[in-house]
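Results of the structural survey
So you can see what is in the structure, the chains are spelled out below.
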Amino acid sequence: YRKRLNPKTAETYRIGESGPEPCARHSRWRKYAFTYNDLQNSQYLRWGNVELGGSFQSMTPHKVEIETVEYLTEVPTGAPTSTRYPTGMPSISGMPSVSLMPTSDYFRSSNGTLLGDFTLSPTAAPSLSSAPSALPPTFAPTYVNILGYGDMEGPQDAVLNSWPSQCSMSIVQNDVNSTSLHPNIHSGQQALSVAGGRCFVMRHVGPSCFKARMSEDLLQGDVVRISLYVKILAQSKQVFQIESGHYHTTKPSRWAIPSDDSHIIARTLVRNADEWTKIEAIHTVGPDWTFNGVALPPKRCNHYQFRFRVADSTASFVMDDVRVEKVTAPPNTLGLLDGGFLSNPDFVENHKYWKYARNSGYITQDDGRNVMVLGRGKLMRQDVLDTAVPDKSYQMSFYAKFTGVASVDVKILLRMRFKNNDLVYGPCTQRVCNLYERPLRTKLRGAGTWHHVVADEFRMFGNYTDWDGSVDFIIFELVPLRLPSGAEFKVAKFEFTEDRTLAPSISLSPSAPPTTLMVKNVGYVVKFAGEFRTVVHKPFQLAQVGDDSAAIFTGEQIPMNRGYQLCEIDEVEGNKLNEFPSRMNFIYQQKCVPIMGGNPTVDVDPRYVNLADLHVLNIPANASIVEINSEQTLGGDLLLLSDIENEVCSTFPNPYDNDYRGADRYNPDAMPSRFQPDKPVFARLPDGSYALYDQRLILHENTLENPKMDGGGESVLRSTIRAARGFVARNQTGQNSGYHIINDKNIALCINEQPNFINMEHCKISYEPNTCQKQDIKDGGLYGTTLIDVQLVITFDDETLLSLYTATLGNSTTALADPRYIYAVTNLRYDSSNTDDIIINLPCGSGNPKSRWIPRTDLTTETCTNTLQEVSVNALKFAIESSNDENSFLRDIVLWNNGDGGCDPLDELEYGMLIMTKEGCWENVHPDHLSVFDFTDYISSHPTANVIESFVDSGVMVYPSNHSMSFFEDIKDDRTLVTRVARFGDKMIVDQLADKLSLNVDAGVLVALADKGTIMLDNAIQRNRGGGMLVCGSPNEVAPDPELDDYFAVKNIDLDCVGCQDNYKNYFAQKQTVLALNMLHAEDQLCQRMAWALYELLYVGTTTMPDNTEGNLYSYDIMTRNCFGTYDQILKEMTYNPKMGEQFNYIDSSSTRFHWDAWYDETKGVGKLVFPDENYAREVMQLFSIGLHELELDGTETRDKFGREIQTYDNVNIMNNARVMTGFTYTVRARRGNTEELFRATKSRFEPFRIDIDKHDFFPKQSIEDGWIGDRYPLCEDLPKHHFLKIGATYRFRAGSSIPTSQYMPASWDAKEDIKRFVLSPDSMLYNSLCNPDAAGNCNFSNIVTLDENLNCLGHECTVDTVIIVQISPGAF
């Protein structure tokens, strides 16, 4: 799987990086223009939800944009030429015209007869005319009602169950003894009564409904007539609304309604209360299933509904005789065949496609035909962005009739909202432009008659697809102005005149496909997301759909100077059409339609595109570039096999920057690269053709035998975000008060796996400077997350101290009372004022004194002397040499005088001594020498403040020699005057420094401070001197082989971010493919069969991570790794497998004691009684080991003397087993990179569980044989004295970390000198066993050391019984 894992990716998030760079070996190139990622970004363009802090939720998806370019000049000088294109071409004076075929507004009824239409002269100027002789008739019904229980007849329960609702409903029944019909029944014996409330009654009409309820399924494209009788009780002039509801799991919200209001079926005025009114509507099934151009058919009966309600009212109503009838003749709903842009222009489909709002009109019937009725304050509007043609001329007409007023002013308005990126040359000088067209403003006179109103000709806003920005909407709006109360304005049938001035790239439905569409010296520049992709030499045509007798499209040429949304794509060049059915589909006229020729070949024709505007790499003839993926792309994918040295390479976009920045709350203001894609890079191949750079997901080898030696640290640092505008501070809600830097977080993650029982023997020690290791979340992971592996750090050196004062001045209206005076202090000394009364720690003082030392490189063995006792010299020398303090300017040590290894009491008052070590000479100095303090508060009380302020130019305060040291000791101890910050040379996280000194009250100050910082790996900020780091791999975590064909992709979709990047479609099939290929073709066939048999027994389902291929294969690999091992080892690995823990619920199962203590109420004297989860405790016996009944050796069931089966376990055994399975939790609870995980996963499922000691049940547990689990193992109290020196004692190498793996210790202890270390003497037998020194004394560490003999103790080894961590040397534990 991983060897063939080279997925295309526009972005990566957590899993890895994008690359390689275009000029690097193994970079990938393609010869087809569009990819599946483009399809994704053409349909959805969205990032994380508000709860995750994403400031943007969605943007207009990218489109394929086409521009017609006429070649008039020679090829630019210096541009590469090809034999296909001559260097000079003659100019042409014009473009050929393409005639527009006249269309008919007729449609056929079910019996084939032509139905009538409005007739309109295309030459009419704006005027009024009398009413037409007839309005469009309604559809003839088929008289087959496919809706069961629509007549409300039958058993009451059956009727009510067929009409679910949150309203209170009842069945109205006729009195059997009465001869008259109940007034609330229209016909028959029953009707449905619905009590008032803002709710609706629904009918499930999706697929596979019971035949009694729906005799036929509704299919996409079906046209149905919905009719019913409704009586609204007590309230007049109510609007009865019919709408559809559609459910699908892939929609942003599963019941989301379409933005075009295609779910609105009818809005009909019911004028009179308590009267039966017949309502009819025509509805086309399918547009209300379509989201972002993709049809999402419902899967179940209740996934598609017709809903009935009184709109915006609490009125009660009665329904009867509801019919749903299929009609065979689809209406002309789009209004596009006559060159228009309005959908449902004649209201045959009732209110459908017209925007629904509280001030919308409603539909009624006039002379048996649907018309829109507008009252006072009402209007009608429709978003025509997807159906309007930019810069096209339109002229429309409609029919109008009004009552209740003598004359009406009416206007038509089109409004475009445009997000403008060009404030100089754009359509306006604002970020958002509101542009208007007003085709009509006129006064109509003569109430009660139909008027034929013809609007002025207008152009659709110009060619806005060429503007720098994006269109949000184009709203068509018709408004009757100042209607008095009670007046009505009716609108019927919009029509459009023929367009006689079409651009040469536009034609509509020619009678046959044109014989040739190629025009000499005319090319079409194709862009995506505003960036050039290719040039095509003839207009795009719609491919024929269906057979010859029922073809939907027959080579229709689509408008070329506009943008289209991709809705289908195959990653194969279109010129391979005969070998492979290459698809490229656009959303056109609200349908996903195929384009002839498929995915175009990348063509950088210098006649139509300026090469100087592009990134182009000329691949030399001696470079090796080969085809790859030939089975899938038929030569469309290329692999570069050598690095290319070219100055132009440094100008190309860096693919490492392409990630999901901005997709979470840690980097909310950064821009994900799918919103602003890199400018593409093209390659001119040796044969003169072109290819497009195709970045891939980079994964690394991190196997048991070859772990990644930097743990992925370089990738983590490379992916850390620092916006071009600099650091950004923001007040973080829910954190400490004040500002925090927000854009200093990594995207790529550490890939270093934690040591465990599977990989421990193979781990290696790494001394690379940027080796990465995960930090436990409960050890202070920033903001409580394991996705952060870096910190913004400030180092207290000369440069930083010099700039701190300037930084705290702020660059805004500062909230600081004063700038900060932060200095390192020198010239501190020992004198009688601080030593006579011992008000300062002395190196050999009583207790456990902490002392400071500086290196004296100017002294030699002869000059580095002292008068101390030998015991003191040895103690100080050993403490200095074994110190883990990594500060290069000074070293702090703690001398543990209360035990073995302290100073001689005679030296208790000594100070300022010199000690010679194997590293050189060290001098004892004042404990605060080079300490960094904030003196800001002290200045206000100092008599000569200007003296203290004078040190701002250096950042280092020289303590006056004429001041006694007791004065400094008093100031230092008064925390209201000075604040201790750090030591010179120390590192500190910027946000922590700002919190400590209250510098975070001003964003400007914090940003200025951040600019002095450096991004560092979290685990590198404080570490033990000289320590390396263990890097550990994972079984089978190989790197992809770039020379193998690509078959697989990772699941990288954000489940909280519908439509974010995804690379593939059928992830479930990937697992099946991998398993099948291994079992069929692997050389170890016996092992594969054994593994499959074991997997059938120890099955881990897809309950968790169902689409994650690698996570599921990782579990399966346990079987293949151990196919010839022991069942005990397999069961152990499966028990420690996170997928098993998730499937059987024992992950984070805690002991009863833990819950009792955690919830203990001291006032009541009780805790919370919670028992461990028993699921796996039962299944591990029933399914995975002993089964339900005892068996004989031949497999037959063992029986007792009465012939009964003998159970192998009971509930007590289950409860005991459940206690065993407590404390299992994710290793360090930290997700790592380089493996497939879901987008927002914060844990890794590729490491075995660890056991949290605190949550584990440590009480004895009974076995199924009525013994005790752990019998024959010694108790801790029974271990021999100095058992850590006895044969069999096992030590695991921790490299530079002093934190144990088997119990919890705070991470802050790791590099803290105040923590007492158990340091081994080089003369110790244990030291020699663990160090295994060579002839020069250098250690050769082994990952696991088991003592094979009993060792003698030495020194303080003889005074302890138990050790947890031992230090062999600085940075080696």
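Let me sum up the structure you'll find in this document. (Residues numbered from 1 in each chain as written. Predicted model: local features only at pLDDT ≥ 70, side-chain atom pairs only at ≥ 80, totals over all residues. Heavy atoms only, no water.)

**Remarks on the overall build of the protein**
Along its length, the protein carries 21 helices and 56 strands. Residues classed as buried in the protein amount to 54% of the 1373 residues present. Partitioning the contacts of the protein with sequence separation of at least 6, the portion at a separation of at least 24 is 76%. (Helix = DSSP H or I, 4+ residues; strand = E, 2+ residues; numbered from the N terminus. Buried < 20%, exposed > 50% of the residue type's maximum accessible area, 1.4 Å probe, protein only. Contact = heavy atoms within 4.5 Å.)

**Details of the state of the cysteines**
Inspection of the entire model under this criterion finds twelve disulfides. Residue cysteine 844 pairs covalently with cysteine 903 via a disulfide, S to S 2.1 Å. The disulfide joining cysteine 844 to cysteine 903 has a torsion of about -45° about its S-S bond and is therefore left-handed. Of this pair, cysteine 844 sits in the loop between α6 (832–835) and β43 (850–855) while cysteine 903 sits in the loop between β44 (891–894) and β45 (914–917), placing them 59 residues apart in sequence. Looking at cysteine 903, the relative accessible area reads 14%, which means it is buried. (Disulfide = S-S within 2.5 Å.)

**Describing the packing of aromatic side chains**
Applying the stated criterion across every chain yields a total of 50 aromatic pairs. Ring centres of tyrosine 394 and phenylalanine 496 lie 6.2 Å apart, and the angle between their planes is 70°; on these two criteria the pair is classed as edge-to-face. Residue tyrosine 394 is located in strand β18 (residues 393–394), and its partner phenylalanine 496 is located in strand β25 (residues 488–496); the two are separated by 102 residues in the primary sequence. We note that tyrosine 394, like phenylalanine 496, is buried. Connected via pairs of aromatic rings, a cluster forms that spans Phe341, Phe347, Trp354, Tyr394, Phe398, Phe458, Phe476, Phe494 and Phe496. Between arginine 203 and the ring centre of tryptophan 163, over which it is positioned, the NZ or CZ distance is 4.8 Å. Here the guanidinium or amino end of lysine 1168 rests over the ring plane of tryptophan 1159, the centre of that ring lying 4.3 Å away. (Phe/Tyr/Trp six-rings, centres within 6.5 Å; stacked < 30°, edge-to-face > 60°. Lys NZ or Arg CZ within 6 Å of the ring centre and 35° of its normal.)

**Looking at helix α14 (residues 1085–1097)**
With 13 residues, α14 should reach 18 Å at 1.5 Å per residue; the first-to-last C-alpha distance of 19 Å fits that figure. Those residues of α14 lying buried are Cys1087, Gln1088, Ala1091, Leu1094 and Tyr1095. Take α14 and look down its axis: the buried residues cluster within an arc of 125°, on one side only. What points out from α14, more than 90 degrees from its buried face, is the exposed set Leu1086, Arg1089 and Glu1096. (Expected span 1.5 Å × (residues − 1). Arc of directions from axis to C-beta.)

**What about the sheet that holds strand β2 (residues 28–30)?**
Ordered in space as β32-β35-β36-β2-β34-β33, the six strands form an open sheet in which the pairing is mixed. Since the sheet does not close on itself, it has two edges, and those belong to β32 (615–618) and β33 (625–628), each with one partner. Neighbour-to-neighbour, the strand axes of this sheet turn through a mean angle of 35°, independent of strand direction. The pairing of strand β35 (residues 681–684) with strand β36 (residues 690–693) spans three bridges and is antiparallel. Following the sheet pairing, arginine 684 is matched in β36 by tyrosine 690. (Pairing = 2+ DSSP bridges. Axes fitted to C-alpha atoms, helices over the stretch in contact; angles between N-to-C directions.)

**Things to note about the pairing of strand β20 (residues 407–420)**
Bridging between β20 and strand β21 (residues 432–445) involves twelve bridges; their strand directions are antiparallel. In the sheet register, phenylalanine 418 faces β21, and the bridge partner there is cysteine 433. Looking at chain direction, β20 and strand β24 (residues 469–481) are connected through twelve bridges and run antiparallel. Looking at β24, one finds that isoleucine 412 is bridged to leucine 478.

**Details of the packing of helix α19 (residues 1175–1182) against helix α20 (residues 1211–1220)**
Between α19 and α20, the shortest axis-to-axis distance is 7 Å and the interhelical angle comes to 115°. It follows that α19 is roughly perpendicular to α20 by the angle criterion. Between α19 and α20 lies a crossing whose hand is right-handed. Contact residues: Ala1177, Arg1178, Val1180 and Met1181 in α19; Asn1213, Ile1214, Asn1217 and Ala1218 in α20. Residues of the contact of α19 with α20, tallied by class, amount to five nonpolar, two polar and one charged. (Parallel < 35°, antiparallel > 145°, perpendicular 65-115°, else oblique. Left-handed = near helix turned anticlockwise from the far one by under 90°. Nonpolar A, V, L, I, M, F, W, Y, C, P; charged D, E, K, R; others polar.)

**Focus: the nonpolar core**
Core analysis: the biggest nonpolar cluster contains 44 residues, and Phe341, Phe489 and Phe494 have the highest contact counts within it. Elements that contribute at least two residues to this core include exactly β16 (369–374), β19 (396–403), β20, β21, β24 and β25. By residue number, the principal contributor to this core is β20, which donates six residues. Beyond its immediate stretch of four places on either side in the chain, phenylalanine 494 contacts Leu342, Pro345, Phe347, Trp354, Met380, Met396, Ser397, Phe398, Phe476 and Leu478. Counting 40 residues, the second largest nonpolar core, distinct from the first, contains Trp163, Ile226, Ile232 and Phe306. (Core = buried A, V, L, I, M, F, W, Y, C linked by side-chain atoms within 4.5 Å.)

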